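Structural features, examined
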Amino acid sequence: MSSDMAVASSSRSPVLVIGSGVAGAACAIRLRSLGVAVDLVEKATFPRAKVCGCCIGEAGLNAFTQLGIRDEVLDLGMRTRRWCASLAGRRIELAIPLGVAISREVLDPLMMQAAVRSGANVSMNCTATIKNSSYDVVSVQLDQNATTIRQDYSCVVVASGLRSGNCGGLLPWTEVPHGPFGISMMASSVDVEPGVIYMACSPDGYVGLVKLADGRVDVDAALQSGQSSFATGDPVTRVQRILATSEFATVELSDFSPVMTTPPLRRSRRAGHGRVLAIGDAAGYVEPFTGEGMTWGMQGAMAAADLIAAKRNDLNDVGDVWEQKLAALLRRRKRTCRVVTTALRSPAACRIAAGTLRLFPGLATPLLRSMNKA
């Protein structure tokens, strides 16, 4: 890792990965394991707080195994074994396969360090802008510490999250951002049980709670957007209201720090064109509800790395191939997740689900496994 500009020559480093979050780091690690030289650039400095539910399930742990960091993640995180939900005022609890709750302040540096160990050339506090893409090369402007250089790459992977730009005009949005927005915060004095993922649902949205290894509680929510919803109170007040009706926990305003929000969550874009690919949240987002998002990001990142390595001598259409491959990889799981998260805002659907799962808890197993499929 370097705090200064440390990008390699294009002859040495054919692939640039923009963004060192979960998806970007996973892609870099996988590429290195396949013998592909990589520049990995990140505009932030770590550790950094980020809007995230912090929960990773069975398939995510399998991804960490492939990346060689499963034991480190389990050691630094809080293992999860149960899911507890408040659906229309009715409480249900389900056993779930082993998972882990880990903050992004811990996970992102861990994965970035693993990328460094793998041999990726990492530059922090570095902004990358795609300037031009031709049949042969992608030209990128790199800015770091008041220094600007222009670098050519054989392939560029965009993994810079929800707020990714237009990728040089190559990857336009096909579904513009809309729908619920995210809000996340840490609470220091909430009495919830370790190892349990809590979810409180209401027509205004849903709130998840999970205790982290350092004793803090991650509070993460997806709330309805629009003027009528905003008129009911500020985001923190709305989160408190949902939690109060769930009877999971009483959270005071002073407990929350820091409070972070996202733009509207539902979105999708063209995932690839020519020599440019988008992965993770940069490729689109459908709000997950039991930790699928980071898992999907890692799975997609490794699949993209496999494709790049397989086509390393003929990358002129790798992005176009990737667009079809990513859609096939995640289409069914994202559709299922969208249906479920929409149903969670319906009191009638929640009452039916709560009553059914109380009597037949095993019915939830196929659904949870489908969305968290390895």
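Check the entry above for the structure.
The model shown is predicted, which means the values in this text are computed figures rather than measured ones.

Rules of the game
Residues numbered from 1 in each chain as written. Predicted model: local features only at pLDDT ≥ 70, side-chain atom pairs only at ≥ 80, totals over all residues. Heavy atoms only, no water. Helix = DSSP H or I, 4+ residues; strand = E, 2+ residues; numbered from the N terminus. Buried < 20%, exposed > 50% of the residue type's maximum accessible area, 1.4 Å probe, protein only. Contact = heavy atoms within 4.5 Å. Pairing = 2+ DSSP bridges. Axes fitted to C-alpha atoms, helices over the stretch in contact; angles between N-to-C directions. Salt bridge = Lys/Arg side-chain N within 4 Å of Asp/Glu carboxyl O. Phe/Tyr/Trp six-rings, centres within 6.5 Å; stacked < 30°, edge-to-face > 60°. Lys NZ or Arg CZ within 6 Å of the ring centre and 35° of its normal.

Our focus in this paragraph is the overall build of the protein chain. Helix and strand counts for the protein chain come out as 10 helices and 18 strands. Here the protein chain, with 374 residues, has 54% of them falling under the buried criterion. Counting only contacts in the protein chain whose residues sit at least 6 apart along the sequence, the fraction spanning at least 24 positions is 73%.

Position of Asp75 relative to the elements: it lies in helix α3 (residues 70-76). Judged by relative accessible area, Asp75 falls into the exposed class, the value being 62%. Between the alpha carbons of Asp75 and Ala213 there is a distance of 9.1 Å; along the sequence they are 138 residues apart.

Now for unusual backbone geometry. Note that the residue after Phe46, namely Pro47, is joined by a cis bond; omega there is 0°. Here Pro47 is to be found in the loop between β2 (38-41) and β3 (55-56). Unlike most non-glycine residues, Asn145 shows phi in positive territory, near 50°. For Asn145, the location among the structural elements is in the loop between β8 (138-144) and β9 (147-153). Despite not being glycine, Ala146 shows a phi value in the positive range, around 65°.

Further remarks concern the sheet that holds strand β16 (residues 272-273). Hydrogen bonding along the main chain pairs the strands of a sheet, whether they run parallel or antiparallel. Read from one edge to the other, the open sheet built from six strands follows the order β6-β2-β1-β10-β17-β16, with strand pairing classed as mixed. The open sheet has two free edges, formed respectively by β6 (121-123) and β16, since each of these has just one partner strand. One ladder, built from three bridges, connects strand β10 (residues 155-158) with strand β17 (residues 276-278); its direction is parallel. Considered in β17, the bridge of Val157 is made with Leu277. Sitting on the sheet, helix α1 (residues 22-33) is in contact with β1 (15-18), β2 and β10, with an inclination near 165° to β2.

Turning our eyes to something else, we now look at the pattern of salt bridges. One pass over the full model with this rule turns up 14 salt bridges. Where Arg104 meets Asp108, a salt bridge forms, and the shortest distance between an N and an O atom there is 2.8 Å. One end of the pair, Arg104, and the other, Asp108, are both in helix α4 (residues 104-118), four residues apart, so they sit about a helical turn from each other. Taken individually, Arg104 and Asp108 each receive the classification buried, so the pair is uniform in this respect.

Scanning all chains against the criterion turns up one aromatic pair. For the ring pair Phe181 and Phe230, a centre distance of 5.6 Å and an interplane angle of 40° mean the geometry is tilted. With Phe181 in strand β11 (residues 173-187) and Phe230 in helix α5 (residues 227-230), this pair connects stretches of sequence that are 49 residues apart. Under the relative-accessibility criterion, Phe230 is labelled partly exposed at 43%. A cation over a ring is seen here: Arg269 above Trp173, with NZ or CZ 4.1 Å from the ring centre.

Let us look at the sheet that holds β9. The three strands are arranged β7-β8-β9 in an open sheet whose pairing can be described as antiparallel. Edge positions in the sheet fall to β7 (127-133) and β9, since each of these pairs with one other strand and no more. Strand-to-strand twist across the sheet, computed as the mean angle between neighbouring axes with direction ignored, equals 25°. Alignment of β8 against β9, held across seven bridges, turns out to be antiparallel. Within β9, the residue paired with Gln144 across the bridge is Thr147.

Geometric values such as these leave the question of function open.
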